[in-house]
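These are the residues of each chain, in order.
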Amino acid sequence: MVSLVSGLVYVLGAVALRVFWRTCVSIYLSPLRALRGPPSPSAFYGHVNQIFRAAKFKTAQQWVAEYGTNVFSRWLLNIPSLWTCDPQVIRHIMQSGNYSKPWEFRLPAAKVVGNSVLVAEGETHKAQRAILNPAFGLAAVRELVPIFVDKSAELRDVWMEEISAQGGSARINVVAGLKQMTLDVIGLAGFDYDLQALKITDKPTELYKALHQLFNVTPPVSFRRILTDSVPFLGFLADEYTRATKDARAVMYRIGLQLIEDKKAAILRERAGTDGGVETRDLHGRDLLTLLIKANMAKDVPDNMRLTDEQVLSQIHRFLVAGHETTSTAAAWCLYALSRNQAAQQKLRDELLAAPTDTPTMDDLAALPYLDQVMRETMRLHSPVALMNRAADRDDVIPLSEPIVDRQGRTLHSIHIGKGNRVMISVLALNRSPAIWGEDALEFRPERWDNPPDGAANIPGVWGNSLAFSGGPHACIGYRFAVVELKALIFTVVRAFTFEFAADPADVTTIGMFTQRPALQSEVKKGAQLPFFVRPYVPA
């Protein structure tokens, strides 16, 4: 009996030791340690605060100059990680299928957007993507352009009223208006819900207040928030931001479920008098939610591919969160870049005023070459998404764009990475790389797209030879929606106004972790803002 117990203890001990080794020790004995990199400044945070702070691009510049495009860094709990802006490495990570979003990203993100396509991995992600694809195709986006144009015109009129009230010129924080406009767009285009963000009075809609709470504050990385996001029973430790986020999501959940029920009922009424089924060919209807629900109800979709109401609801949250914040941020940076390059602003305005319509279609917008160049240059130089992170799902060997030298002076043609190690992809460092874009890589010069450098073709992005919308199977599914909306917005406001930056450019900074929203260092507590002197355009 004693020998049996001893044997059992031995087996359990061996299993426990193996689990401990594979999940803990082996992560720290990563082959990534062979790479060069800076010393870790913190036993808990590693380099996280350096990577995510407002000066994240300065950190990137320093690391590339000292260590090259592939750097050994430390993630939370000092987990070995690879920081990279090497296009070949990034292509492998995005397309090999060996990497996924780490739990420390997915858990807090899921608290806001649920298990949506933004968070899901594996077969769940594939199923969601298959259902969502028709709603984000060219035909669907084409139907939404009138919403983009109408809301852009409404924002123009709001700014014109401010200008009139201030005597012909107004100092306007454009970030506020752009966020309201893009929120209205995603409300109508996303699920036919009028948020009335551009008409906010003393009684904003309940959903608008919830969304304002979600986006008004960017919390810093903290041990307390990581714990409450990761361990459900520690919810009592939640800080004010986390509690407010939970309350806001409850509002989104309740309104979202009602929207789904209303849409389903409307679709069934539309099909009354038929056999009641929905075919894929029936997928018409302007808002994305209607298209999504119809696609999900289609008879020719296998049962194992259908989304639950919970998963459909998650897509609503994802539409709201990702559908307006990044577009408004891109628009703000675009106006900032044009204000710093007045010649480009006037050249763009001349092209837009020559267009024969005030209400362009998608084809009209596509026929404006300099507008397209301005969009590409904005998303290259000022990508709203600054960083992406992944975790290795298995031991892997990553090919390099060019050989590197490790800590021991050895020449490496590939990088070995261990299961569980993190990868930080610096979108900004790649999009602004002098090795690809030349010595003027930090300048806003739309004309560079007349003849883009050969190296740009190696960037594995889904649009515009940049990583602004990511790439591979997890590339932004709504990139067409975002690009056309952004074009419609810039078309409308640049035709109507001149923009002159109203602060010291040296005071401009960014807030956000994975994103980079514009702000002023001297007033960073006020959140995202970019003040301009805005005046009606009067031809000379």
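Below you will find a few notes about this structure.

Conventions and cut-offs
Residues numbered from 1 in each chain as written. Predicted model: local features only at pLDDT ≥ 70, side-chain atom pairs only at ≥ 80, totals over all residues. Heavy atoms only, no water. Pairing = 2+ DSSP bridges. Helix = DSSP H or I, 4+ residues; strand = E, 2+ residues; numbered from the N terminus. Contact = heavy atoms within 4.5 Å. Axes fitted to C-alpha atoms, helices over the stretch in contact; angles between N-to-C directions. 1 Å grid on protein atoms, 1.4 Å probe; cavity = no way out; pocket = protein on both sides within 12 Å on 5 of 7 lines; lining within 4 Å. Points joined across faces, edges and corners; volume = space filled by probe spheres on them. Nonpolar A, V, L, I, M, F, W, Y, C, P; charged D, E, K, R; others polar. Buried < 20%, exposed > 50% of the residue type's maximum accessible area, 1.4 Å probe, protein only. Salt bridge = Lys/Arg side-chain N within 4 Å of Asp/Glu carboxyl O. Phe/Tyr/Trp six-rings, centres within 6.5 Å; stacked < 30°, edge-to-face > 60°.

Across the sheet, which stays open at both edges, the five strands sit in the order E1-E2-E8-E5-E3 with mixed pairing between neighbours. Strand pairing shows two members of the sheet lacking a second neighbour, strand E1 (70–74) and strand E3 (99–100), which therefore form its edges. Here E1 pairs with strand E2 (residues 80–84) via five bridges, running antiparallel. Residue Val71 lies in a different strand from E2, and its bridge partner there is Trp83. Docked against the sheet, helix H3 (residues 56–67) engages E1, E2, strand E5 (387–392) and strand E8 (422–426), running at close to 120° with respect to E1. Seen against the sheet, helix H4 (residues 87–95) touches E1, E2, E3, E5 and E8 and runs at an angle of roughly 125° to E8.

Per the stated rule, a full pass over the model turns up two cavities of 30 Å³ or more. Taken together, Ile51, Lys56, Phe57, Thr59, Ala60, Trp83, Ala386, Leu387, Ser426 and Leu428 form the lining of the largest cavity. Across the lining of the largest cavity, the residue classes tally to seven nonpolar, two polar and one charged. Its boundaries defined by the atoms lining it, the second largest cavity holds a volume of some 40 Å³. Lining the second largest cavity we find Phe191, Leu207, Met252, Ile255, Gly256, Leu259, Ile316, His317 and Leu320. Elements with a contribution of two residues or more to the lining of the second largest cavity: helix H11 (240–270) and helix H13 (309–340). The greatest single-element share of the lining of the second largest cavity, amounting to four residues, is contributed by H11.

Next up on the list: the pairing of strand E11 (residues 517–520). Of the two faces of E11, the one holding Arg517 and Ala519 and the one holding Pro518 and Leu520 are both buried throughout. Bridging between strand E10 (residues 508–511) and E11 involves four bridges; their strand directions are antiparallel. When the sheet's bridge partners are listed, Thr510 is paired in E11 with Pro518.

Let us now look at the pattern of salt bridges. Taken as a whole and assessed by the stated rule, the structure comprises 21 salt bridges. Across the pair Glu123 and Lys126 runs a salt bridge, and its minimum N-O distance is 3.5 Å. Here Glu123 and its partner Lys126 are both found in helix H6 (residues 122–132), three residues apart, which amounts to about one turn of the helix. We classify Glu123 as exposed; its relative accessible area is 60%.

The volume enclosed by the second largest pocket comes to roughly 720 Å³. Taken together, 25 residues make up the lining of the second largest pocket; nearest its centre are Trp333, Tyr336, His382, Arg432 and Val508. For the lining of the second largest pocket, the elements supplying multiple residues, two or more each, are H3, H13 and E10.

Okay, the packing of aromatic side chains next. A complete count under the given rule lists 15 aromatic pairs for this structure. Judged by centre distance (6.2 Å) and plane angle (70°), the ring pair of Trp159 and Phe499 falls under edge-to-face. A residue pair is termed long-range when its members are at least 10 positions apart, and Trp159 in helix H7 (residues 138–165) and Phe499 in strand E9 (residues 497–501) qualify at 340 residues. In this pair, the class of Trp159 matches that of Phe499, namely buried. Between Phe191 and Tyr193, the ring centres sit 6.2 Å apart and the planes meet at 45°, which makes this aromatic pair tilted.

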